[in-house]
Amino acid sequence: MKIDKELLLKVAENARLELSQREIKEFLPQLREILESFSKLDVLDVSQEKPSFQPLPLKNVFRDDKVEKCLSQKEALSNTKHKKDGYFLGPKVV
Amino acid sequence: MPALSIGEFVKQVKMEKIDVLENTHLILDEIKSSNEEFSHFNLIAEEFALQQANEIEAEIKTGRHRGRLLGVPISVKDCVCVKGIESKAGSKILSGYKPTFDATVIERLKVEGAIIIGKTSQDEFGFGSFSVNTGIGFPVPKNPLDKNRSCGGSSGGSAGFTALTNLTHASIAESTGGSIACPASFCGVVGFTPTYGRVSRYGLIDYANSLDKIGTMGKSVEDAALLLEIIAGPDTKDSTSLQNAIGEYSNADSNIRGIKIGVVKELNEKCDESIRQVTGEAIMKLRKEEAEVVDVSLPLNSTYGMAAYYLISMSEASTNLARYCGMRYGLHQKLQGSFNQYFTRVRSSGFGKEAKRRILLGTFARMSGFRDAYYLKAMKVRTKLINEFKEVFKKVDLLVHPTMPIVAPKFDEIAKLTPLQNYAMDLCTIPANLAGLPHISVNAGSSKKMPVGLMLTADHLQEQKLVRAAKAVEEVVK
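Predicted, not measured: the structure shown is a model, and the values here were computed from it. (Residues numbered from 1 in each chain as written. Chains lettered and ligands numbered in written order. Predicted model: local features only at pLDDT ≥ 70, side-chain atom pairs only at ≥ 80, totals over all residues.)

K.L.:
What is the right way to look at the overall build of chain A in this model?
P.N.:
Counting its secondary structure elements, chain A contains three helices and two strands. Of the regular secondary structure in chain A, the N- to C-terminal order runs α-α-α-β-β. Relative to the compact-globule value of 12 Å for 94 residues, chain A shows a C-alpha radius of gyration of 23 Å, a clear excess of over 25%. Burial statistics for chain A: of 94 residues in total, 17% are counted as buried. (Helix = DSSP H or I, 4+ residues; strand = E, 2+ residues; numbered from the N terminus. Rg over C-alpha atoms; globule rule 2.2 N^0.38 Å. Buried ≥ 20, exposed ≤ 12 C-beta atoms within 10 Å, placed from the backbone.)

This is the structure we're talking about:
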């Protein structure tokens, strides 16, 4: 897979990143080289393997269903400058 | 005079031979005077540390002794949340973020009477092996043994300061692909990475969820092991934390008679001759202690580990970093433009170069049309690589090889590396990290006057065996 400028810009858009011309020029050959090295995995047959989304098998552990203390509204909003009437204030959606 | 071990320090505090407040002042003064030159700390928590020291002193006066870390100064990697203390994972995008809660590991440290002295410098979000990929506006930590060289990464500040100080101190570090072992090797300290899930990740600013492990650094195996023992164990706040009993291993002896150690041929071969010489000598000495040393082979891990690791870690990183959008915490800008325009503006100005590269690669690997060929394929390859380890562990108790293929490089040497050449430096540390295996890096000697680390790896949950062998290494290279 060879990544070109058009695909790079599409990926950047999905990732909500705006790249400068300089970044595009710098990143494109680097990403190509890196992806090329990843294609090493192509030769491995993994048709019989299950993916390991975790390195160890995990058991599902449930917490007791009881009410615990959680963040107060004030605490939850303590790290933002964008707030109004006890709510987060965000950019325009529509 | 060498630093007292944590155990000895606590004993003396309890006997009131060491004044906790005085000692805290001492270490803070050291950090303040060394930080301009070495940048091991992103934040020195002076007021907070003194407040903790005062509380502990007051308790001691009334005869109450909090625990196994009574008055011990502990530094914490910037990516671990400490309530009320700016925690940024070395990134501009988290500017001003003061967590409203403690990470589970921090809670456990506080219960034992530790004094948290500051947040250590790192590659942004852990994205690097030399701590040169610090976020925008963050200084690069310098190796205390040679200022022109790297501390290693990504837990560079933790290792640098652990090596620099002559006072009792240990550090909370974090590894995704080798970020504890690498800097420990470059700075000549002990770096202990536990089995994946041994230590709760609650309150860790994630890099890659299926790979991140909080671990420890210390001046000795005993210190690093004690700190790990304290922070390990199940946590209801982290669904991936393991339920298994932790065991007590910090007091384990160094008897390795009959322990079977496998030298990983392929990883050993890829290291500099001068490195192999140092680690080879240490391994020879272990043989004299009646460990059984054999050659083993990990052909799949040494060939495919790097590609699988970077694909998985970048994919997970790109989803984790999606949460930084300048709304709820961290970097803020004027609310202008649409939803997407605003988020894009904040993210583009808040992330450093390497973070952007990894977000792009990870986003690509998960995009429809590419997901099966890259992301899912890597996850399946991981199964093969774990199985290869499991087969080898049927034959040996521990694996050994150099931690890093080189000694700490000079900054001008690092500047010449391409990103891919940078990634390749992790060849020895990646396999164990990808498989979630516990490992420890311990100093084996030096080359060109710089420290060389030896890495020991055990099967899942076998931390105890590691401590024993690492203590043996410590003794034989003395």
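More follows now that the structure is in view.
K.L.:
Looking at this model, I keep getting lost on the overall build of chain B. Mind explaining?
P.N.:
Across its full length, chain B carries 17 helices and 13 strands. Compactness check: chain B gives a C-alpha radius of gyration of 21 Å against a globular reference of 23 Å for 478 residues, within 12% of the reference. For the C-alpha atoms alone, the extent of chain B along its principal axes is close to 65 × 60 × 45 Å. Considering chain B as a whole, with its 478 residues, one finds that 61% of them fall into the buried category. For chain B, the share of sequence-separated contacts (at least 6 apart) that also reach a separation of at least 24 residues comes to 77%. (Contact = placed C-beta atoms within 7 Å.)

K.L.:
Quick question: what am I supposed to make of the pairing of strand S12 (residues 439-447) of chain B here?
P.N.:
Side chains on a regular strand alternate between the two faces of the sheet. Residue and element names in this part refer to chain B. Pairing analysis gives three bridges linking strand S7 (residues 190-193) to S12, with the strands arranged antiparallel. Bridge pairing in S12 links Thr 193 to His 439. The sheet contact formed by S12 and strand S13 (residues 450-458) spans eight bridges and is antiparallel. When the sheet's bridge partners are listed, Ser 447 is paired in S13 with Met 450. Hairpin connection of S12 to S13: two residues between the antiparallel strands, including Lys 448 at a positive phi of 50 degrees. (Pairing = 2+ DSSP bridges.)

K.L.:
How should I be thinking about the interface of chain A and chain B in this particular structure?
P.N.:
Note on interface size: it is often stated as the accessible area lost on association of the parts. Taken together, the contacts link 42 residues of chain A with 55 residues of chain B. Taken together, the elements giving at least two residues each to the side of chain A that touches chain B come down to helix H1 (5-14) and helix H2 (21-38) of chain A. Considering each element in turn, the side of chain A that touches chain B owes the most residues, seven residues, to H2 of chain A.

K.L.:
Looking at this structure, I do not really get the sheet that holds S12 of chain B. What am I missing?
P.N.:
What links the strands of a sheet is backbone hydrogen bonding, and the strands pair in either a parallel or an antiparallel sense. All names here are of chain B. Here 11 strands make up an open sheet; going across it, the order is S1-S3-S2-S6-S8-S7-S12-S13-S11-S9-S10 and the pairing mixed. Strands with a single pairing partner mark the edges of an open sheet, and in this sheet they are strand S1 (41-44) and strand S10 (292-296). Geometrically, the sheet is characterised by an average inter-axis angle of 30 degrees between neighbouring strands, direction not taken into account. As defined by bridge partners, strand S9 (residues 260-264) adjoins S10 across five bridges and the pair is classed as parallel. Bridging across to S10, Gly 262 finds its partner in Val 294. Lying over the sheet, helix H5 (residues 156-164) contacts S1, strand S2 (73-77), strand S3 (115-120), strand S6 (170-175), S7 and strand S8 (213-218), oriented at roughly 155 degrees with respect to S6. Lying over the sheet, helix H17 (residues 463-477) contacts strand S11 (398-402), S12 and S13, oriented at roughly 10 degrees with respect to S12. (Axes fitted to C-alpha atoms, helices over the stretch in contact; angles between N-to-C directions.)

K.L.:
It is not clear to me how the nonpolar core should be interpreted in this structure. Could you clarify?
P.N.:
Where a protein is soluble and globular, its nonpolar side chains tend to be buried together. Ile 74, Val 80, Ile 116, Ala 308 and Leu 311 of chain B are the most contacted members of the largest nonpolar core, which totals 162 residues. No other element matches helix H10 (residues 299-320) of chain B, which puts 10 residues into this core. Every residue in contact with Leu 311 of chain B, bar those within four places of it in the chain, is listed here: Phe 38 of chain A together with Ala 365, Tyr 374, Tyr 375 and Ala 378 of chain B. (Core = buried A, V, L, I, M, F, W, Y, C linked by C-beta atoms within 7 Å.)

K.L.:
Help me understand the packing of H2 of chain A against helix H12 (residues 353-366) of chain B, please; the structure alone is not making it clear to me.
P.N.:
Running from N to C, H2 of chain A and H12 of chain B point in directions that differ by 55 degrees, and their axes come no closer than 11 Å. What the angle tells us is that H2 of chain A and H12 of chain B run oblique. Of the two elements, H2 of chain A crosses H12 of chain B, and the hand of that crossing is right-handed. Touching Phe 27, Gln 30, Leu 31 and Ile 34 of chain A of H2 of chain A are Arg 357, Leu 360 and Leu 361 of chain B, all from H12 of chain B. When grouped by side-chain class, the residues that make up the contact of H2 of chain A with H12 of chain B number five nonpolar, one polar and one charged. (Parallel < 35°, antiparallel > 145°, perpendicular 65-115°, else oblique. Left-handed = near helix turned anticlockwise from the far one by under 90°. Nonpolar A, V, L, I, M, F, W, Y, C, P; charged D, E, K, R; others polar.)

K.L.:
Can you walk me through the environment of Cys 151 of chain B in this structure?
P.N.:
Residue and element names in this part refer to chain B. Relative to the assigned elements, Cys 151 resides in the loop between strand S5 (146-150) and H5. Linking Cys 151 and Gly 188, residues 37 residues apart in sequence, is a C-alpha distance of 9.8 Å. The contact partners of Cys 151, leaving out residues within four places of it in the chain, are Ser 131, Pro 141, Lys 142, Asn 143, Gly 156, Ala 159, Gly 160, Pro 183, Phe 186 and Cys 187.

K.L.:
Is there a simple way to explain unusual backbone geometry in this structure?
P.N.:
Residues and elements named next belong to chain B. Cis geometry is found at the peptide bond from Gly 153 to Ser 154, where omega equals 5 degrees. Mapping Ser 154 onto the fold places it in the loop between S5 and H5. Within the chain, Phe 125 stands out as a residue other than glycine whose phi angle is a positive 60 degrees. Owing to 32 C-beta atoms within 10 Å, Phe 125 belongs among the buried residues under this scheme. Positive phi outside glycine occurs at Leu 461, with the angle close to 70 degrees. Along the polypeptide, Leu 461 turns up in the loop between S13 and H17.

K.L.:
Please explain the environment of Glu 273 of chain B as it appears in this structure.
P.N.:
Residues and elements named next belong to chain B. Structurally, Glu 273 can be placed in helix H9 (residues 273-288). The class for Glu 273 is exposed, based on 8 C-beta atoms found within 10 Å. Sequence spacing of Glu 273 and Ile 406 is 133 residues, and the spatial spacing of their C-alpha atoms is 9.2 Å.

K.L.:
Help me understand the packing of H1 of chain A against H12 of chain B in this model?
P.N.:
Helix packing for two helices is described by the angle between their axes and how far apart those axes are. At a minimum axis separation of 9 Å, H1 of chain A and H12 of chain B run at an interaxial angle of 95 degrees. It follows from the interaxial angle that H1 of chain A and H12 of chain B lie roughly perpendicular. Each of Val 11, Ala 12 and Asn 14 of chain A in H1 of chain A lies in contact with H12 of chain B, whose residues at this interface are Leu 360, Thr 363 and Phe 364 of chain B. Its residues assigned to classes, the contact of H1 of chain A with H12 of chain B comprises four nonpolar, two polar and no charged.

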